[in-house]
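Examining the three-dimensional arrangement
Now for the letters of each chain:
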Amino acid sequence: MTETAAERAARHAAIDADGAPVMAFSHSYATNQHIAEHEHARAQLLHISSGVLTVTTGAGRWIMPRDHALWIPAGVRHAVDTIGQVDMHSVYVVPDAVPGLPEQLQVTGITPLMRSLMNEAVRLRGDTATPRAAYMLGALLHEIPHLPKRPLGLAYPANRRLAELCRAFVAQPSAHLNIDQWAEAAGLSRRSFTRIFRRETGLSLSTWRQQACLMAALPRLSAGESVTAVALDLGYDSVPAFTTMFCRMMGTPPKTYLRNQIVDCALSAAASGRAG
């Protein structure tokens, strides 16, 4: 069942009033739903089991395909948009609950252990005082720092001219980007542009471009568009060139990634049917 705005407000109020170091909820959002900018007193780990979610902050944009997670530190203002119906878990964590929690907003993969722990944490929500619950929730907290980071975040530079160039590119991403043209548009030498861009985004322009293209491709691939159509639309000279980029960023070819998504979805649906 899709979570309403009133239900979301009640959930946030319950979280703020609770003193437990970690709390977990399961909920759904309708397709193409927008959740206005807000923030939490706790850090939040969002795990997507279906659909695609984008999160936007003043510092950039992050995308989560199914079976990925997003870590949002406490106090970070963010807006959320769904692509397709989104089913998700939200884990809310008191800041500094355990050593090593990420300090920056980041997308991660989900380990089998973490997936199981989150499922169990949702079931335990009303019964957290037992030794077993303490063990499960403690293990969940300690697993967060070990989640594999994924290149699905797109930071924007603080420099106004560079940020404008980045936002324009995200609106129309392309495999082809000329660093000299960007440097000239920003009023910088190539050397200064390269130094400032890397300092303010943590990435080279080439890697940033690849991540922007990947973020544009994933929702379309998840929606059923062909690899060939997406690759050519993004300006890649060939499907193998797009596949090479995809493998470098995601660790698997797009067709394998999509096949795994379908298998995961079928397994999730079967599990839900057994639970019902």
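Residues numbered from 1 in each chain as written. Predicted model: local features only at pLDDT ≥ 70, side-chain atom pairs only at ≥ 80, totals over all residues. Heavy atoms only, no water.

1. Some words on the overall build of the protein chain
The helix and strand tally for the protein chain stands at ten helices and nine strands. The C-alpha radius of gyration of the protein chain comes to 20 Å, within 12% of the 19 Å expected for a compact globule of 276 residues. Counting only C-alpha atoms and orienting by the principal axes, one finds that the protein chain spans roughly 60 × 35 × 35 Å. In the protein chain, which comprises 276 residues, the proportion classed as buried is 46%. Across the protein chain, the fraction of contacts at a sequence separation of at least 24, relative to all contacts at a separation of at least 6, is 72%. In the structure as shown, the protein chain presents an accessible area of about 13400 Å², 54% of it carried by carbon and sulfur atoms. (Helix = DSSP H or I, 4+ residues; strand = E, 2+ residues; numbered from the N terminus. Rg over C-alpha atoms; globule rule 2.2 N^0.38 Å. Buried < 20%, exposed > 50% of the residue type's maximum accessible area, 1.4 Å probe, protein only. Contact = heavy atoms within 4.5 Å. Areas by Shrake-Rupley, 256 points an atom, 1.4 Å probe, with all protein chains shown as cover.)

2. Focus: helix H7 (residues 205–222)
Here H7 contains 18 residues, and its C-alpha end-to-end distance of 26 Å stays within 8% of the 26 Å for a straight helix at 1.5 Å per residue. The element H7 is largely enclosed, with a buried count of 13 among its 18 residues. Directly beyond the C-terminal end of H7, a positive phi value near 105 degrees is found at Gly224. (Expected span 1.5 Å × (residues − 1).)

3. Thoughts on the packing of aromatic side chains
Counted by the stated rule, this structure contains nine aromatic pairs. Plain terms: the ring middles of Phe197 and Trp208 are 5.9 Å apart, the flat faces sit at 85 degrees to each other, and that makes the pair edge-to-face. A residue pair is termed long-range when its members are at least 10 positions apart, and Phe197 in helix H6 (residues 190–201) and Trp208 in helix H7 qualify at eleven residues. Put simply, the rings of Phe169, Trp182, Phe193, Phe197 and Trp208 pair up and form one aromatic cluster. (Phe/Tyr/Trp six-rings, centres within 6.5 Å; stacked < 30°, edge-to-face > 60°.)

4. Examining the domain arrangement of the protein chain
Domain annotation of the protein chain identifies domain 1 (5–146) and domain 2 (154–260). Domain 1 and domain 2 are separated by 27 Å when their C-alpha centres are compared. Taken together, the contacts link eleven residues of domain 1 with eleven residues of domain 2. For the pair domain 1 and domain 2, the summed buried area comes to about 880 Å², and 65% of that belongs to carbon and sulfur atoms. When the buried surface of domain 1 facing domain 2 is broken down by residue, Arg61, Ile63 and Pro65 rank first, second and third, together holding 51% of it. On inspection of domain 1 and its partner domain 2, the count reaches zero salt bridges. Linking domain 1 with domain 2 are two residue pairs in polar contact (both at pLDDT 80 or more), by the criterion used here. Element by element, the count of residues in the side of domain 1 that touches domain 2 is highest for strand E4 (residues 60–64), at four residues. Of the residues that constitute the side of domain 1 that touches domain 2, the class distribution is six nonpolar, three polar and two charged. (Domains from an automatic or database assignment. Buried area = accessible area lost by both parts, 1.4 Å probe. Salt bridge = Lys/Arg side-chain N within 4 Å of Asp/Glu carboxyl O. Polar contact = N/O pair within 3.5 Å; in protein donor to acceptor, adjacent residues only side chain to side chain. Nonpolar A, V, L, I, M, F, W, Y, C, P; charged D, E, K, R; others polar.)

5. Looking at the layout of surface pockets
Rolling a probe over the atoms, with the probe sized like a water molecule, indicates the empty space that remains. Counted as a void, the second largest pocket has a volume near 430 Å³. In terms of lining residues, the second largest pocket is bounded by 23 residues, among which Trp62, Gln104, Leu105, Lys149 and Ala155 are the most central. With three residues, strand E9 (residues 153–155) is the largest single contributor of residues to the lining of the second largest pocket. Looking at side-chain class alone, the lining of the second largest pocket contains twelve nonpolar, seven polar and four charged residues. Taken domain by domain, the makeup of the lining of the second largest pocket includes at least three residues from each of domain 1 (5–146) and domain 2 (154–260). (1 Å grid on protein atoms, 1.4 Å probe; cavity = no way out; pocket = protein on both sides within 12 Å on 5 of 7 lines; lining within 4 Å. Points joined across faces, edges and corners; volume = space filled by probe spheres on them.)

6. Some details on the pattern of salt bridges
One pass over the full model with this rule turns up nine salt bridges. Here Glu120 and Arg123 are joined by a salt bridge, their closest N and O atoms 2.8 Å apart. Residue Glu120 and its partner Arg123 are both found in helix H2 (residues 112–123); the two are separated by three residues, about one turn of the helix. On the basis of relative accessibility, which here comes to 13%, the residue Glu120 falls in the buried class.

7. Some words on the environment of Met88
Within the fold, Met88 resides in strand E6 (residues 78–93). Of the residues examined, Met88 reaches a relative accessible area of 3% and is grouped as buried. For the pair Met88 and His47, spaced 41 residues apart in sequence, the C-alpha to C-alpha distance is 5.4 Å. In this structure Met88 touches Phe25, Ser26, His27, Tyr29, Leu46, His47, Ile48, Ser49 and Leu53, once residues within four positions along its chain are discounted.

8. Considerations on empty space enclosed by the protein
For the structure shown, the criterion picks out one cavity of 30 Å³ or more. Along the wall of the largest cavity there are 16 residues; nearest its centre are Tyr29, His38, Gln44, Leu46 and Val80. Contributing elements (two or more residues each) for the lining of the largest cavity: helix H1 (5–17), strand E1 (22–29), strand E2 (34–38), strand E3 (43–57) and E6. It is E6 that provides the largest number of residues to the lining of the largest cavity, a total of five residues. In the lining of the largest cavity, the residues fall into seven nonpolar, seven polar and two charged.

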